[in-house]
Every structure is written in C-alpha cells, then in structure tokens.
Amino acid sequence: MSSQFPDFEIFKSLYQQRLASLLQGLDGAKDLFLDEELMKPLDQITGVKFLKTHGVQKIYTMQTGGFEAGAEKRVFILKPFVNRMKLLAEYINLDKMKGIKRKCQVIFTPTKLSTCDIILEQEGIYGDLTVEEFNLDLIRLDTDVVTMEMPLYFKQFFLDNDTTWYHSIARALSSIQGTFGTIPKAHLIGLNSMRIHDLWKMKEDRDYNPPGGPEIGSMIMLDRNLDFPTVLASQLTYEGLIAECFGIKTGVVKFEKNVTSQDAPLTLSLNSTDKVFAEIRGMHITGVFPLLSSKARQLQSGYDKKDNLSSVSDFKQFVSEDLKELKSQHKSLALHIGACEAIMKKKTDGSFEDVLAIEQAMFEDTQYKDSLNFVETCIQRQSPYLNCLRMMSLLSVCKGGIDSKTYKSLRTQFLHSFGFHHMTSFKKFKEAGLINETNDKRNLFPKSRKKFNLIPKSPEAASKGPVPKDLSYVFGGAYTPFLVKIVEQLLTKPYVGGVEEMLKTLQIPATEYKAGSSARQTQSNFKPSQMALKTVLVVFIGGCTHTEINALRFIGNQLRYRFIILTTAIVTGEEFLQSFLV
C-alpha cells in the first residue's frame, strides 16, 4: 500500500494567502505583535521572510506595560481571550495617553467571538482599530499529524461547559471534507464527539466528490475524558520522553547544552524529514540507544567508503551526494544520542523505576497500600506539585475513586505541603473526574480495563526492542492505551456495531454514522478507492499524547492502515493538568 497521505500542506498555502491579505489591509511598514502562544503555530505556516515581504518590520510578543517605540502602524494577532484583549487595551491606551497616533489592526485567531467587540468597547478602544478574523484551524506537524493548538479545550469544555470551540472544530472538519471529499463513514465515541458531529453535519449541507473519489475512507472521533490513565501515565516512547523532558511545542523542541554540547540552544523540528528521528520516535526508550549505536557504526562505514575510491568521478559522486547525506545523518545522530543520554540521566537520577512499578500496580489495581504510601511520600518530600497531582489522579482513576477518608487525608497533606491556594485545584480536579471519591459514576477505567483486556496477561510478550509485538509496548507491556485500543477494535471487529455495543455497556455514548443519502453519493465514482478505504482520520477531542500517536502508527503498520491524526492539542500529563490551573 502506498504511504502517500492526503496532502494537508495545502492548508498552509491557503492560510498564507489569507494572512497576506489581512496584512496588506494596513498598507506600508508595520510592526507585528503576537500572542506568545501563537509564535510557534504561526512559524509553522509563515517565516520571517514571508512577513517582511508583506510590510512587517519587526516582530514582538505581547507583554504587560505596553510598548511606545516602533512604527506608526501596528498589527496585533491574538487569541480571543479576555486577558489578551485587556493587554491590547494597555497598548492602545498608552499611545492615547502619550498623544501618539497610530493605525492599528487586531486579528483574532482561530475565530473572532461576539464577546471580542463587547470587551473592546468596554475598554474604550473599539473605535481605535480595525478588527479582523483569521481562521487558523489546521496546523500540519507531519504527514500524518495535524493539530488545532487548543491546549485549553479540555478544561474549557469539560470543566467550564464552554461549547465555543465546537464551531472551530466543526469548521476544521468541513475544511478537510471540502478538500479531500465527503468522508463516507464516521465512528463517534463519546458525547462530545457526537455533539460536534451533529453541529458539523448541520452546517455542512453539501457533498464533495473530488476526481477519483474521496481520499479519506472513514473517521473515528474520540473524547479525551474516556481515557485519563493514558494521558496521566509516564510516557516511555522516545518521542514521549522528549516531550516530558524537554517540551515539544507545535512540533518543535529546544535542546540545551546538555544535549548539543554547545553554549547556544538549538531549535529542532521533530518530524519524518529527520530520517533518524522517524525510525526511533515510536520505540520504547530501552531500544533506542542500541539502535543509535548500531547506526553510528554504519555511519562510520559510510565515511570509510572514501578509502576504496579509485577514480576522480567516484570521488566527485561521493563528495556531491554521499558526503552531504552522511553529514546530515551525522548531525542528526549526534543530537539524538545526546538527547537519549540526557533522558537516561534525568530518569536514573530520580526514582523513575519506582514510579513505573507503582504505575503498573495502579493499572492492575494491586498493592493499593504501597501505591498510597508512594503518593504520600511524594507529597511529604515536596516533589514537584504537578507530579504529585498526576500520581494522585492516576491512583484515583485506576482505582475507580478514592474512599472519602483517604481523599480528605491526601488533600490535607497536599495543602500543608504546597499551600492552601490549591483548594481550588482539588475542586477543579474533582469536577473533571480526575481526583474523585468512590461514589462517582464517571469512573470508567475499572470496567473498561476488564472489558477490553487493557492489562496484558504477560507484560513480557510486549517486546521493548525494535520490533514490538503488542500495542502495550508503548507502556512497557504494563497497559494498553484505551482510545487506541478502541480504534484497533473498530478496524478489526468483523461485525458492524460490535464495539459500539461493548462501549454502551460501559455507559459510553457511541454510534456509527454513514454518509450516502444524496443522489450524488450513490454514483459509482463516489465510491472510495482501496487506498482511501485504508485511510482513517482519527480525531481526539480534548487532546492526545505523543504515546498515542506512536501507538496509532504501530497498529497502522500492523493492520496496513494509514492514520491521519487530528487533535485539539498534543500534551504531556503535567501539561494536561496545568491547563486546569490556568
């Protein structure tokens, strides 16, 4: 089967055209002020050269206190949040106080909310600038990964009951379908997914059939709140550990001296164009270093090839072709060896092996007292508070809730160690179903663990080497990520509705939707090709982890499917929890 994916790079061109049009709306030289969270997403679709060709002189991040110097024209690109608009008001009002006259334009992304106009009016600056909208919905990170960069989506919907971003997700799905053709079939897992799909279909009143038929055969949409253990557990794939140890922001990582051996930090895009990274990103960490060592020896053999060249033409070909590729691989290999060493050092310095053992016990619901003692010890030693919250949450969701007495004891110990301002944190985590008591009906994991066989009977069966044998390898054989298991089951169950019925017994809303009501869709040329039938759009509503992306790639190779992953954000466990505290 061809590995060619539907080309999401087309959206980059469309966004560039739209942004260029917006920038040209303010003629001449201008300064650009960006929301700090938008720096890397915008960098994925534009570059400094692109911005300069459209009149941008300098680029700044928005900071409190305003900024007096600069050009007479300013463009602000912001997310439509209240604190961003109040910060914008500081800039505009500072100029007004100083008697400085400028032409200003604010561009809200990914959408302009009705509240934007209201708040700008309240701040007294509505008439001092022009207001535009830039629908930056789909940011391609790799051939098979697209993000919407909405890290706060889970908190805003599942905690605040804010459905504002339903429309942005529905619009993104409409863009995908309008580009690659009507998706014939969709599996909707979770109430959130079903509501977004209903809104999307309400807005989408036409079918599109590109030449050759649709390029995506089916879609599986999944709610994040159905699987907390996966996002809370320690990641063990190379890519997942890079995210946890260094932080990956919109597909970009920054390596410091401990990796590069250079004083200046190095920014690196992590995607399949880096051949070394593409080979090791989904591997369990224990298998990465041996493979890199083997590649280093192969690289040396490539350099040694020059000693056996006899003619000028051979030397010329070696220098112009082979040497360039060898140097590129050498640089990449050195970086990933350095990163691997830094990861191993960081994890062996602490109690990482103890953490993994306790996490496995939590997954299996064994050694409860040992798990509880471990969490209490972390709190008493004042380990990083997010890590303590992560372990408490994992204990709660795996156990199916904590008894009232233990819950109150853990809360008291935590507040004494980290401060009583965290009272609101416990309230938020309880409302979200992360740290709760045994009578909470949202505790799905104990039932799903058994129903879907999420705990392998023999963890050793999941190879940690270059060729894993089981999906659970991403957690060292301790646990199979539930949402990815659902995807696997949907693609391998021989009877229609089988998985949906299993999910309904766990009180998880699930349904299958089939397009095909229009006359146009009954035409023979609408039928998707065999390649399209093997192409599945997997949508995570509320975010996913790098481990889940690695796991999907694994089952894609096993089942010979091509997965395109669309997510509201890619997060680590601590980033996920941090979003609740904003």
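About the cut-offs
- Each residue is numbered by its place in its chain's sequence as written, counting from 1.
- With pLDDT at 70 or above as the cut-off, local features in this predicted model cover only qualifying residues; side-chain atom pairs require 80 or more to be listed or tallied, and sums for whole chains, interfaces and linings still use all residues.
- Note: side-chain values were computed over all heavy atoms of the structure, leaving out hydrogens and water.
- Going along the chain from the N terminus, every DSSP run of H or I of four or more residues is numbered as a helix, and every run of E of two or more is numbered as a strand.
- Each accessible area is a Shrake-Rupley estimate made with a 1.4 Å probe; only the visible protein chains count as cover when residues are assessed.
- Throughout, a residue-residue contact means that at least one pair of heavy atoms, one from each residue, lies within 4.5 Å.
- One side-chain nitrogen of Lys or Arg within 4 Å of one carboxyl oxygen of Asp or Glu is enough to make a salt bridge.
- Here the term buried applies to any residue with accessible area under 20% of the maximum for its type, exposed to any over 50%, and partly exposed to those in between, with areas from a 1.4 Å probe on protein chains only.
- If DSSP finds at least two bridges between two strands, the strands pair.
- Cavity means a closed set of points on a 1 Å grid over the protein atoms alone, one where a 1.4 Å probe fits but cannot get out, pocket means an open set with protein on both sides within 12 Å along at least 5 of 7 lines, and lining means a residue has an atom within 4 Å of a point.
- Grid points are joined across faces, edges and corners, and a volume is the space filled by probe spheres set on the points.
- Residues are grouped as follows: nonpolar covers Ala, Val, Leu, Ile, Met, Phe, Trp, Tyr, Cys and Pro; charged covers Asp, Glu, Lys and Arg; every other residue, Gly included, is treated as polar.
- The domain limits used here are those given by an automatic or database domain assignment.
- Counted as positive: Lys and Arg. Counted as negative: Asp and Glu, with His and the chain ends omitted from the count.
- Every axis in this analysis is a line fitted to C-alpha atoms, fitted for helices over the stretch in contact. Angles between the N-to-C directions lie between 0 and 180 degrees.
- Each angle gets one of four labels, with under 35 degrees taken as roughly parallel, over 145 as roughly antiparallel, 65 to 115 as roughly perpendicular, and the rest as oblique.
- Residues enter a patch when their relative accessible area is above 30% and they make no salt bridge; the linking distance is 9 Å between like charges and 5 Å between nonpolar side chains (Val, Leu, Ile, Met, Phe, Trp, Tyr).
- One less than the residue count of a helix, multiplied by 1.5 Å, gives the span that helix is expected to have.

1. Notes on the overall build of the protein chain
Alright, step 1. Within the protein chain one finds 25 helices and 15 strands.
Alright, step 2. In the structure as shown, the protein chain presents an accessible area of about 26,300 Å², 51% of it carried by carbon and sulfur atoms.

2. With respect to the environment of Gly-217
Alright, step 1. Its place among the elements puts Gly-217 in the loop between helix H8 (191-203) and strand E9 (218-223).
Alright, step 2. It is 4.8 Å that separates the C-alpha atoms of Gly-217 and Ala-532, two residues lying 315 residues apart in sequence.
Alright, step 3. Setting aside its immediate chain neighbours within four residues, Gly-217 contacts Ile-183, Pro-184, Lys-185, Ala-532, Leu-533 and Thr-535.

3. Overview of the pattern of salt bridges
Alright, step 1. Here the structure, examined in full by the defined rule, presents 27 salt bridges.
Alright, step 2. Note that Lys-79 and Glu-37 form a salt bridge whose closest N and O atoms lie 3.2 Å from each other. A residue pair is termed long-range when its members are at least 10 positions apart, and Lys-79 in the loop between strand E3 (73-78) and helix H4 (82-98) and Glu-37 in the loop between strand E1 (30-34) and helix H2 (39-45) qualify at 42 residues.
Alright, step 3. One salt bridge connects Lys-155 with Asp-160, and the closest N-O pair in it is separated by 3.2 Å.
Alright, step 4. Taking the relative accessible area as the measure of exposure, Asp-160 reaches 39% and is therefore partly exposed.
Alright, step 5. Each of the salt bridges in this network shares a partner with another, and the network as a whole consists of Asp-35, Glu-37, Lys-79 and Arg-84.

4. Considerations on the pairing of E9
Alright, step 1. Of all 6 residues in E9, 6 are buried, a share of seventy percent or more.
Alright, step 2. Because side chains alternate across E9, one face comprises the buried residues Ser-218, Ile-220 and Leu-222, and the other comprises Met-219, Met-221 and Asp-223, equally buried.
Alright, step 3. Across 5 bridges, strand E8 (residues 185-189) lies against E9 in parallel orientation. Across the sheet, Ile-189 pairs through a bridge with Leu-222, a residue of E9.

5. Some words on empty space enclosed by the protein
Alright, step 1. As enumerated under the stated definition, the model contains 4 cavities of 30 Å³ or more in all.
Alright, step 2. If you trace the largest cavity, you find 18 residues lining it, with Lys-79, Pro-110, Met-148, Glu-149 and Met-150 closest to the centre.
Alright, step 3. Along the lines of polarity and charge, the residues of the lining of the largest cavity split into 13 nonpolar, 2 polar and 3 charged.
Alright, step 4. The residues that make up the lining of the largest cavity include at least three from each of domain 1 (8-136) and domain 2 (140-227 + 476-579).
Alright, step 5. By volume, the second largest cavity amounts to about 100 Å³.
Alright, step 6. Taken together, Leu-141, Asp-142, Val-145, Glu-239, Ile-248, Gly-251, Leu-270, Arg-281, His-546, Ile-549, Arg-553 and Ile-570 make up the full set of residues lining the second largest cavity.
Alright, step 7. Of all the secondary-structure elements, those providing two or more residues to the lining of the second largest cavity are strand E6 (139-142) and helix H24 (546-559).
Alright, step 8. In terms of residue count, the dominant contributor to the lining of the second largest cavity is H24 (3 residues).
Alright, step 9. Mapping the lining of the second largest cavity onto the domain boundaries places at least three of its residues in each of domain 2 (140-227 + 476-579) and domain 3 (238-347).

6. Some thoughts on the sheet that holds strand E11 (residues 252-255)
Alright, step 1. With respect to topology, 3 strands assemble into an open sheet ordered E10-E11-E12, the strand pairing being antiparallel. Sheet topology places strand E10 (248-249) and strand E12 (266-269) at the edges, where each strand pairs with a single neighbour.

7. What about the side chain of Asp-223?
Alright, step 1. Counting through the fold element by element, Asp-223 comes out in strand E9.
Alright, step 2. Despite its burial, Asp-223 pairs with no opposite charge; the closest candidate is Arg-195, at 8.1 Å N-O.
Alright, step 3. In contact with Asp-223, other than residues within four places in its own chain, are Phe-158, Ile-189, Gly-190, Leu-191, Asn-192, Ser-193, Leu-483 and Ile-541.

8. Structural notes on the sheet that holds E8
Two orientations exist for strands paired in a sheet by backbone hydrogen bonds: parallel and antiparallel.
Alright, step 1. Pairing within the open sheet is mixed, and its 7 strands lie in the order E6-E7-E15-E14-E9-E8-E13. Only two strands of the sheet have a single partner each, and these edge strands are E6 and strand E13 (510-514). Averaged over neighbouring strand pairs, the angle between their axes works out to 20 degrees when direction is ignored.
Alright, step 2. Most of the contacts of helix H22 (residues 498-505) go to E13, to which it runs at about 150 degrees, and overall it touches E8 and E13.

9. Looking at the packing of helix H15 (residues 352-364) against helix H17 (residues 385-399)
Alright, step 1. Axis separation between H15 and H17 bottoms out at 8 Å; the angle between their running directions is 25 degrees. On the basis of their axis angle, the class for H15 and H17 is roughly parallel. In this structure, H15 contributes Val-355, Ile-358, Glu-359, Met-362 and Phe-363 to the contact, and H17 contributes Arg-390, Met-391, Leu-394, Leu-395 and Cys-398.
Alright, step 2. A breakdown of the residues in the contact of H15 with H17 according to their chemical character gives 8 nonpolar, no polar and 2 charged.

10. Notes on a nonpolar patch on the surface
Alright, step 1. Residues Met-39, Val-48 and Ile-59 make up a contiguous nonpolar surface patch of about 220 Å² in total accessible area.
Alright, step 2. Note on placement: Met-39 falls in helix H2.

11. Description of the packing of H17 against helix H18 (residues 404-418)
Alright, step 1. Where H17 contacts H18, the axes come no closer than 12 Å and their chain directions differ by 175 degrees. It follows from the interaxial angle that H17 and H18 lie roughly antiparallel. Of the residues in H18, those in contact with Tyr-385, Cys-388, Leu-389 and Met-392 of H17 are Leu-410, Phe-414 and Phe-418.

12. Some remarks on helix H7 (residues 166-180)
Spacing of three or four residues puts side chains on the same side of an α-helix, whose turn is 3.6 residues.
Alright, step 1. In this model, H7 (15 residues) spans 21 Å end to end at C-alpha, consistent with the 21 Å of a helix rising 1.5 Å per residue.
Alright, step 2. Residues of H7 that are buried include every one of Tyr-166, Ser-168, Ile-169, Ala-170, Ala-172, Leu-173, Ser-174, Ile-176, Gln-177 and Phe-180, and no others.
Alright, step 3. Tucked inside the fold, the buried residues of H7 contact helix H1 (9-24), helix H6 (153-159), H8, E9, strand E14 (535-541) and strand E15 (562-567).
Alright, step 4. Looking at the residues trailing H7, positive phi occurs at Gly-181, about 105 degrees.

13. A closer look at unusual backbone geometry
Alright, step 1. Cis geometry is found at the peptide bond from Thr-109 to Pro-110, where omega equals 5 degrees.
Alright, step 2. Tracing the sequence through the fold places Pro-110 in the loop between strand E4 (103-108) and helix H5 (114-122).
Alright, step 3. The phi torsion at Ser-261 lies on the positive side, around 65 degrees, for a residue other than glycine.
Alright, step 4. On the secondary structure map, Ser-261 appears in the loop between helix H11 (257-260) and E12.
Alright, step 5. In this structure Ser-261 comes out as exposed when scored by relative accessible area, which is 59%.
Alright, step 6. A positive phi angle, close to 60 degrees, is found at Arg-560, a residue other than glycine.
Alright, step 7. You can see Arg-560 is positioned in the loop between H24 and E15.

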